[in-house]
Every structure is written in structure tokens, then in C-alpha cells.
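Structural features, examined
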Amino acid sequence: MPSQPDDPSYTVPGLSTQDSGRIIELLQMRLHALNDLHLTLKHVHWNVVGPHFIAVHEMIDPQVDKVRDMTDDIAERISTLGGEPDGTPGALVAARSWNDYSIGRAEAIEHLGALDLVYTNVIADHREAMRETEEADPVTQDILIEQLRGLELFQWFVRAHLESSGGKLSTRGATTETGAADQAAEQARLTPLPAPAAP
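Residues numbered from 1 in each chain as written. Predicted model: local features only at pLDDT ≥ 70, side-chain atom pairs only at ≥ 80, totals over all residues. Heavy atoms only, no water.

Digging into the overall build of the protein chain
Counting its secondary structure elements, the protein chain contains six helices and two strands. Starting at the N terminus, the α and β elements of the protein chain follow one another as α-β-α-α-β-α-α-α. Taken over the C-alpha atoms alone, the protein chain extends approximately 70 × 30 × 30 Å along its principal axes. The proportion of buried residues among the 199 residues of the protein chain is 44%. (Helix = DSSP H or I, 4+ residues; strand = E, 2+ residues; numbered from the N terminus. Buried < 20%, exposed > 50% of the residue type's maximum accessible area, 1.4 Å probe, protein only.)

Re the pattern of salt bridges
Under the counting rule described, the total for this entry stands at eleven salt bridges. Residues Arg159 and Asp116 are paired through a salt bridge, measuring 2.6 Å at the closest nitrogen-oxygen approach. Of this pair, Arg159 sits in helix α5 (residues 138-159) while Asp116 sits in helix α4 (residues 108-132); the two residues are 43 residues apart in sequence, bridging distant segments of the chain. Between Arg149 and Glu146 there is a salt bridge, with the nearest N and O atoms lying 2.3 Å from each other. Taken together, the residues span about one helical turn, with Arg149 and Glu146 both in helix α5 at a distance of three residues. (Salt bridge = Lys/Arg side-chain N within 4 Å of Asp/Glu carboxyl O.)

Quick word on the packing of aromatic side chains
Enumeration over the complete set of coordinates arrives at two aromatic pairs. For the ring pair Phe154 and Phe157, a centre distance of 6.2 Å and an interplane angle of 50° mean the geometry is tilted. Here the residue Phe154 and the residue Phe157 both occupy positions in helix α5, the gap between them amounting to three residues, near one helical turn. Overall, Phe154 belongs to the buried group, its relative accessible area being 7%. Phe157 sits in the partly exposed class, given a relative accessible area of 30%. A centroid spacing of 5.7 Å and a plane angle of 45° characterise the contact between Trp156 and Phe157, whose relative ring orientation is tilted. Looking at Trp156, the relative accessible area reads 54%, which means it is exposed. Grouped by ring-pair contacts, the aromatic residues Phe154, Trp156 and Phe157 constitute a single cluster. (Phe/Tyr/Trp six-rings, centres within 6.5 Å; stacked < 30°, edge-to-face > 60°.)

Considerations on the confidence of the model for the protein chain
Scored by pLDDT, the protein chain has a mean of 93; 93% of the residues are at 70 or more. When the elements of the protein chain are averaged for pLDDT, helix α6 (residues 177-190) gives the smallest value, 93, and α5 the largest, 98. (pLDDT = per-residue confidence, 0-100.)

Brief notes about the packing of α4 against α6
One can describe the packing of α4 onto α6 by two numbers: an axis separation of 7 Å at closest approach and a directional angle of 135°. With respect to α6, the element α4 is oriented oblique. Where α4 crosses over α6, the handedness of that crossing is right-handed. Across the interface between the two elements, Ile109, Glu110, Gly113, Ala114, Leu117 and Val118 from α4 touch Glu177, Ala180, Ala181, Ala184, Ala185 and Ala188 from α6. Among the residues making up the contact of α4 with α6, the classes are represented as nine nonpolar, one polar and two charged. (Axes fitted to C-alpha atoms, helices over the stretch in contact; angles between N-to-C directions. Parallel < 35°, antiparallel > 145°, perpendicular 65-115°, else oblique. Left-handed = near helix turned anticlockwise from the far one by under 90°. Contact = heavy atoms within 4.5 Å. Nonpolar A, V, L, I, M, F, W, Y, C, P; charged D, E, K, R; others polar.)

Quick look at helix α2 (residues 53-80)
A rise of 1.5 Å per residue sets the reference length of α2, with its 28 residues, at 40 Å; its end C-alpha atoms lie 41 Å apart and thus fit the reference within 8%. The positive-phi residue at the C-terminal boundary of α2 is Gly82, with phi of around 95°. (Expected span 1.5 Å × (residues − 1).)

Topic: the nonpolar core
Counting residues in each nonpolar core, the largest one holds 45 residues, and the members touching the most others are Leu34, Leu37, Leu41, Ile60, Leu115, Tyr119 and Leu151. For this core, the secondary structure elements donating two or more residues are α1 (17-47), α2, α4, α5 and α6. Of all the elements, α4 adds the most residues to this core, at eleven residues. (Core = buried A, V, L, I, M, F, W, Y, C linked by side-chain atoms within 4.5 Å.)

Here's what the structure looks like:
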């Protein structure tokens, strides 16, 4: 993986190269997370099965496209700040603190349970980066805020399948993707589907 300099040799006017170096570091990790997310979403799109296949299959692809757009915005901001965005798979794997998505071919509700946890982690880290850029670089913070709006909307789409009429998530308390998938599947088994309408 190419090494990033501690501080860029130049940056945008009004921002120190030291502050830019820290922001570039934060953004590079967000770039890795978003690259990983769009690959994970595509993996789900390919591997979802079961009675709700088509609904989830078609719900996921627009999320893939939007998350890819987010990676472009982050990479361009890194370059604008004088950094060098690294989008190679090797750099992602070397830098990440998380494991590969752990669910293969599975029912829609299982993937949605696992995706809820994936989105929770991505959003939490995005929020932390947003907080860290508040004073030093409101422009970067604005990019992160806009992306959070989209990521939180996508998680809501996922959670709508996991929420009871009483407002409880079937994945609450889960700490692993497989655990969240199992909890979502178990809740779905306990909640009978409504009978089809008579012709």
C-alpha cells in the first residue's frame, strides 16, 4: 500500500496542512468503509433468496449506486485537500478494522438483519468523522452530513423489514452479523404472514 505523507505539501486556502493531514486520514478510512459497503450491498443483491427475493434484490441496487457516488465524493475531497485517495482492495483490507461480511446465500430477512448491523457500524463511524471535522473543516463536515442523510435513510429501508408494529427491532442487542441474521429470521418465523386476500 502506498504510504500517505503525514501532512500534504499543499491544501485548500485557510486550512493548515497539519489539519488537512488529519482530515485526509479520516476520509481515507471513510473511503475504505464505503467501498466495503457497496461491495457488501452488491454481494447481498446477488445472494438473497426466498419469498421476498425480488423486493430486497431491487431495493439494494439503488443503494449500491448511491454509496458508489459517496466514495467518489470522498475521494475527490481527499484530492482537493492535497491527499492521494487509495481505493485499491489491498489498501482496504490492510487498513480496515472489520471483517468481511459473513452471510452468504440466505433468506432476505437474514441479510436484512445483518445489513442493519453493517449500517449501524458505518453510520457510527461516519458520525464520529463528522464530529471531528466540525471546527477544522466545515466543508468536509457538510459532505459527511449529506452522506449520513443517505446512509440513515437506507438503514431505515432495511429496518422497516425488521420492525414490529410496536416499534421494536428484531435485531436489537445483536453484536454480530450472524447473530442479527438469526434474530431477524427467528422473529419472522414467530410472526405469521397475513393470509392472502380472497379472489
